[in-house]
Amino acid sequence: MAQPAKGPAHAPCSTPPVHSGNAVTSDAVTSVHPVDERLHPTRLVPAALQHIAAMYAGVVTPALIIGQACGLDLAARTRLIAASLLIAGVATLLQTIGVKGLVGNRLPFVNAASSAGIAPILAIAETNAKGHQLPAVYGAVMVAGVFCLAVGPFFGRLLRFFPPLVTGVVITLIGVTLMPVPVSWAQGGDKNAADFGSMKHLALAGFTLAVILLIQRFGRGFVKQVALLFGLLIGTLAAIPFGMADFSALRSAPVAALPAPFAFGPPEFQPAAILSLCIVMLVLMTESSAGMLALGEICERRTDARTITRGLRTDGIATLLGPVFGGFPTSAFAQNVGVVSLTRVRSRYVVAVAGGALLVLGAFPVLGAVVSLVPMPVLGGAGIVLFGSIAVSGIRTLSEAGLDDSSNIILVAVALGAGVIPLAAPTFYAGFPAWAQTVLGSGISAGALVAVLLNLFFHHLGTRSRQPAPALKSS
């Protein structure tokens, strides 16, 4: 993750000094760090809405993609969306409010289901029979959460094995390997449908993409920041007169209901699936650590090793408990780090309010059902922007990774090649054992493995690393 530039210093808020005659009692002055500042509702609510707007599409995207791939009906996908919102709200509240010294980094930090887990989860779903897909996924996710809790306290020492050279490859592959998903959506989503790939679907997807581009070009301020949401809204409204929006989920969804535990079946624990998601969890931990370091710089609050540990502990708890209700691997949301950097509103209570709003949205499935109204071609047009921007984030990270070194160029080239193989030749690993197909069949897992191994080979074995990890200041 690229570290946002540090902006101008923010003057800490303070209470008015107490006057005693002509003297001022300086001891009465109480300073409040911008991170701990409690804003007036007139500032707090709009700032929280910006965070919700920036993250909402990203929170529901994994549930939409995975639910569609597993063949869930609209009602089940609605439950999956509600669970994702609920877990995101709980995780974000734990991070921002937390328990001092135990859980939460107490920064304006958003936690939710990460897109990095989508491709490996889809690979797990493809190797399991219907009815066993989500149980296999959730079993692997729960073990990945335990893995995060176990490794988190020592992860600061492991960061040197995940320099920008490695994380840049992985983030780029996330965007690239997910691109077939919005392309399929743009064609209608259901490959067995008679009208899959018809011009009406492609026209709607193209219209949605054009709306997003126009808003991004001519919009200002808040409108420009939420171009993706406006694109989804306008695209859906345009689809209604042509009968391309399905309202059945909205009619059948309960107004208020908490997700039932293990609604999609008890977890199943498969070694290959577990290995795949533990690899992804290492990437997510790196992403979260980088997000905490970036926020520490933006907020001018020291991010030390203990802060990193508390933040990763929260990731692990959310990832472990999320599958009970239908959640997926949890990590930092880079777009919200960008919101903090852009607005310079650094209060963690702003993000806490956003987390509380997500919690409420998750408790009311009818609100999640509104997202299900969005036609697949509309999601396809927006998805091209969303997943393309993930790849761009990876490219930006790689641009800071010393690609003037020939060894680094070879490392990136081979890792990207390994990651693209499942995309270019889906049957390439057909002759491999089932466990190898699960691990290597995900371009993200394959590319991450190759990048880590080549980084060890070029920069650690027999030589001192030329890619040091970000220094964690001790407390």
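Calculation criteria
- Residues numbered from 1 in each chain as written.
- Predicted model: local features only at pLDDT ≥ 70, side-chain atom pairs only at ≥ 80, totals over all residues.
- Heavy atoms only, no water.
- Helix = DSSP H or I, 4+ residues; strand = E, 2+ residues; numbered from the N terminus.
- Buried < 20%, exposed > 50% of the residue type's maximum accessible area, 1.4 Å probe, protein only.
- Contact = heavy atoms within 4.5 Å.
- Areas by Shrake-Rupley, 256 points an atom, 1.4 Å probe, with all protein chains shown as cover.
- pLDDT = per-residue confidence, 0-100.
- 1 Å grid on protein atoms, 1.4 Å probe; cavity = no way out; pocket = protein on both sides within 12 Å on 5 of 7 lines; lining within 4 Å.
- Points joined across faces, edges and corners; volume = space filled by probe spheres on them.
- Nonpolar A, V, L, I, M, F, W, Y, C, P; charged D, E, K, R; others polar.
- Expected span 1.5 Å × (residues − 1).
- Arc of directions from axis to C-beta.
- Phe/Tyr/Trp six-rings, centres within 6.5 Å; stacked < 30°, edge-to-face > 60°.
- Lys NZ or Arg CZ within 6 Å of the ring centre and 35° of its normal.
- Axes fitted to C-alpha atoms, helices over the stretch in contact; angles between N-to-C directions.
- Left-handed = near helix turned anticlockwise from the far one by under 90°.

Hey, could you run me through the overall build of the protein chain in this one?
Looking only at helices and strands, one finds 20 helices and 6 strands in the protein chain. The buried share among the 475 residues of the protein chain stands at 53%. Taking contacts inside the protein chain between residues at least 6 apart in sequence as the whole, the part at least 24 apart equals 82%. Accessible area of the protein chain: about 20100 Å², with a carbon and sulfur share of 67%.

Sorry, what's going on with the confidence of the model for the protein chain here?
Detailed reading of the predicted model is not advised wherever pLDDT is low. Averaged over every residue, the pLDDT of the protein chain is 81; residues scoring 70 or more account for 86%. Low pLDDT, under 50, characterises residues 1–29; the predicted model gives this stretch 50 contacts beyond four residues in sequence or across chains. Across residues 469–475 the pLDDT falls below 50, and counting only partners more than four positions away or on other chains, this stretch makes 19 contacts in the model.

What's the story with the layout of surface pockets in this structure? I'm lost.
Which parts of space are left empty comes out when a probe the size of a water molecule is rolled across the atoms. Estimates place the volume of the second largest pocket at around 1100 Å³. What lines the second largest pocket is a set of 34 residues, and nearest its centre among them are Leu 122, Glu 126, Pro 180, Val 181 and Lys 191. Listed by contribution, the elements that provide at least two residues to the lining of the second largest pocket are helix H1 (41–69), helix H3 (118–126), helix H6 (164–178), helix H7 (180–186), helix H18 (406–424) and helix H19 (434–440). For the lining of the second largest pocket, the element with the most residues is H3, which contributes 5 residues. Classifying every residue of the lining of the second largest pocket gives 17 nonpolar, 14 polar and 3 charged.

Where do I start with helix H8 (residues 199–218) in this structure?
In an α-helix, one turn spans 3.6 residues; hence positions three or four apart end up facing the same way. Here H8 contains 20 residues, and its C-alpha end-to-end distance of 28 Å stays within 8% of the 28 Å for a straight helix at 1.5 Å per residue. All of the buried residues along H8 are His 201, Leu 204, Ala 205, Thr 208, Val 211, Ile 212 and Ile 215. Projected down its long axis, H8 shows its buried positions confined to an angular sector of 115°, all on one face. Within H8, the exposed residues directed more than 90 degrees away from the buried face are Met 199, Leu 213, Leu 214, Arg 217 and Phe 218.

Explain the environment of Arg 306 here, please?
Relative to the elements of secondary structure, Arg 306 occurs in helix H13 (residues 305–325). Taking the relative accessible area as the measure of exposure, Arg 306 reaches 54% and is therefore exposed. In the structure, Arg 306 is positioned 201 residues away from Asn 105 in sequence and 8.6 Å away in space, judged by C-alpha atoms.

Would you explain the packing of aromatic side chains in this entry?
Each aromatic ring pair is described using two quantities: the centre-to-centre distance and the angle formed by the ring planes. For the structure shown, the criterion picks out 4 aromatic pairs. Ring geometry for Tyr 429 against Phe 432: centres 5.1 Å apart, planes inclined by 85°, an arrangement best described as edge-to-face. Phe 432 sits in the partly exposed class, given a relative accessible area of 37%. Across the ring face of Tyr 349, the terminal group of Arg 38 is positioned such that the distance to the ring centre comes to 4.3 Å.

Would you mind going over the packing of H8 against helix H10 (residues 227–239) with me for this structure?
Axis angle and axis distance: for two packed helices, these are the angle between their axes and the distance between the axes, and together they describe the pair. Relative to each other, H8 and H10 sit at 140°, their axes nearing to 8 Å. Between H8 and H10 the crossing geometry is right-handed. In this structure, H8 uses Leu 204, Phe 207, Thr 208, Val 211, Ile 212, Ile 215 and Gln 216 to contact H10, whose residues at the interface are Ala 227, Leu 228, Phe 230, Gly 231, Ile 234, Gly 235, Ala 238 and Ala 239. Considering only residue class, the contact of H8 with H10 consists of 11 nonpolar, 4 polar and no charged.

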